[in-house]
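# What the coordinates show
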Amino acid sequence: CGTAPLGYKWIHDGVVKPVIVIDEETSSIVTSIFKWYQEYKSIGKVQKQLAVVGYKTQKGKDFSAMAVRNILVNRFYVGEVKHNDITVAGQHEPLINKITFGKVQAQLTKNKRN
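Let me begin by describing the structure that accompanies this report.

What counts, and at which threshold
Residues numbered from 1 in each chain as written. Predicted model: local features only at pLDDT ≥ 70, side-chain atom pairs only at ≥ 80, totals over all residues. Heavy atoms only, no water. Helix = DSSP H or I, 4+ residues; strand = E, 2+ residues; numbered from the N terminus. Rg over C-alpha atoms; globule rule 2.2 N^0.38 Å. Buried < 20%, exposed > 50% of the residue type's maximum accessible area, 1.4 Å probe, protein only. Contact = heavy atoms within 4.5 Å. Areas by Shrake-Rupley, 256 points an atom, 1.4 Å probe, with all protein chains shown as cover. Lys, Arg positive; Asp, Glu negative; His and termini not counted. Charge placed at Lys NZ, Arg CZ, Asp CG, Glu CD. Arc of directions from axis to C-beta. Polar contact = N/O pair within 3.5 Å; in protein donor to acceptor, adjacent residues only side chain to side chain. Expected span 1.5 Å × (residues − 1). Phe/Tyr/Trp six-rings, centres within 6.5 Å; stacked < 30°, edge-to-face > 60°. Core = buried A, V, L, I, M, F, W, Y, C linked by side-chain atoms within 4.5 Å.

## Overview of the overall build of the chain
Each helix and strand counted, the chain has four helices and four strands in total. Written out in order from the N terminus, the α and β elements of the chain read β-β-α-α-α-β-β-α. The C-alpha atoms of the chain give a radius of gyration of 15 Å, which matches the 13 Å a tight globule of 114 residues would have. When its C-alpha atoms are laid out on the principal axes, the chain stretches across 50 × 30 × 20 Å. Here the chain, with 114 residues, has 32% of them falling under the buried criterion. Sequence-distant contacts in the chain: of pairs separated by 6 or more residues, those separated by 24 or more amount to 45%. Of the roughly 7500 Å² of accessible surface on the chain, 53% is carried by carbon and sulfur atoms. Charged side chains of the chain number 17 positive and 9 negative; the gap between the two group centres comes to 12 Å.

## Considerations on helix α2 (residues 43-53)
For α2, the complete set of buried residues consists of I43, V46 and L50. Seen along its axis, α2 keeps its buried residues to an arc of 60°; they face one direction. In α2, the exposed residues that point more than 90 degrees away from the buried face are K48 and V52. If you follow the buried residues of α2, they end up packed against α1 (27-40), α3 (65-73) and α4 (98-113). Measuring from the side-chain oxygen of the N-cap residue of α2 to the backbone nitrogen of G44 gives 3.3 Å; that N-cap residue is S42. Immediately beyond the C-terminal end of α2, within one or two residues, lies G54, with a positive phi of roughly 85°.

## Overview of α4
Here α4 spans 23 Å end to end across 16 residues, near enough to the 22 Å set by a 1.5 Å rise per residue. Those residues of α4 not exposed but buried are T100, F101, V104, Q107 and L108. Along the long axis of α4, the arc covered by the buried residues comes to 125°, so they all point the same way. In α4, the exposed positions that point more than 90 degrees away from the buried face belong to K98, I99, K103 and R113.

## A closer look at the packing of aromatic side chains
Each pair of aromatic rings is reported with the distance of its centres and the angle of its planes. This structure, assessed with the given rule, holds five aromatic pairs. Centre to centre, the rings of F34 and Y77 are 6.3 Å apart; their planes meet at 70°, and the pair counts as edge-to-face. With a gap of 43 residues between them, F34 in helix α1 and Y77 in the loop between α3 and β3 (80-83) connect regions that are remote in the sequence. The exposure class of Y77 is buried, given its relative accessible area of 2%. An aromatic cluster is built from Y8, F34, F76, Y77 and F101, whose rings are joined through pairwise contacts.

## Focus: the nonpolar core
One finds I33, F34, L72 and Y77 to be the most contacted residues of the largest nonpolar core, which totals 26 residues. Breaking this core down by element, the ones donating at least two residues are β2 (19-22), α1, α2, α3 and α4. With six residues, the top contributor of residues to this core is α1. With sequence-adjacent residues up to four places away left out, Y77 is seen in contact with P5, L6, Y8, V30, F34, I71, P94, L95 and I96.

Pasting the structure below:
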């Protein structure tokens with residue numbers, strides 16, 4: 001099944017196949033990253049804010065700029081799953097709505113051009 005993205009966890013009940021669900025303990029980190037990026041428009045500023053509030057990665061480390069970026073571009077957070085070049089609707093609940101995700105992608109593209 002692989003490692004669940006930050007904000008999600010696998011539930012294994014032994015009867016049916018494992019399912020992925022929102023992890024109430026870490027999902028607020030993901031939603032905060034998206035909110036702060038919309039506010040600050042800077043991955044570096046989001047990274048600093050994560051350190052200020054004490055949020056850590058799944059491995060207990062400080063967030064790198066690349067880790068923040070990887071979360072911001074991960075379509076899993078809008079309910080999609082990508083395998084190779086194919087993207088399909090996942091069976092999990094999205095953490096981020098598509099409008100917010102789209103605004104973040106636009107800002108990332110704008111920042112890349114500057």
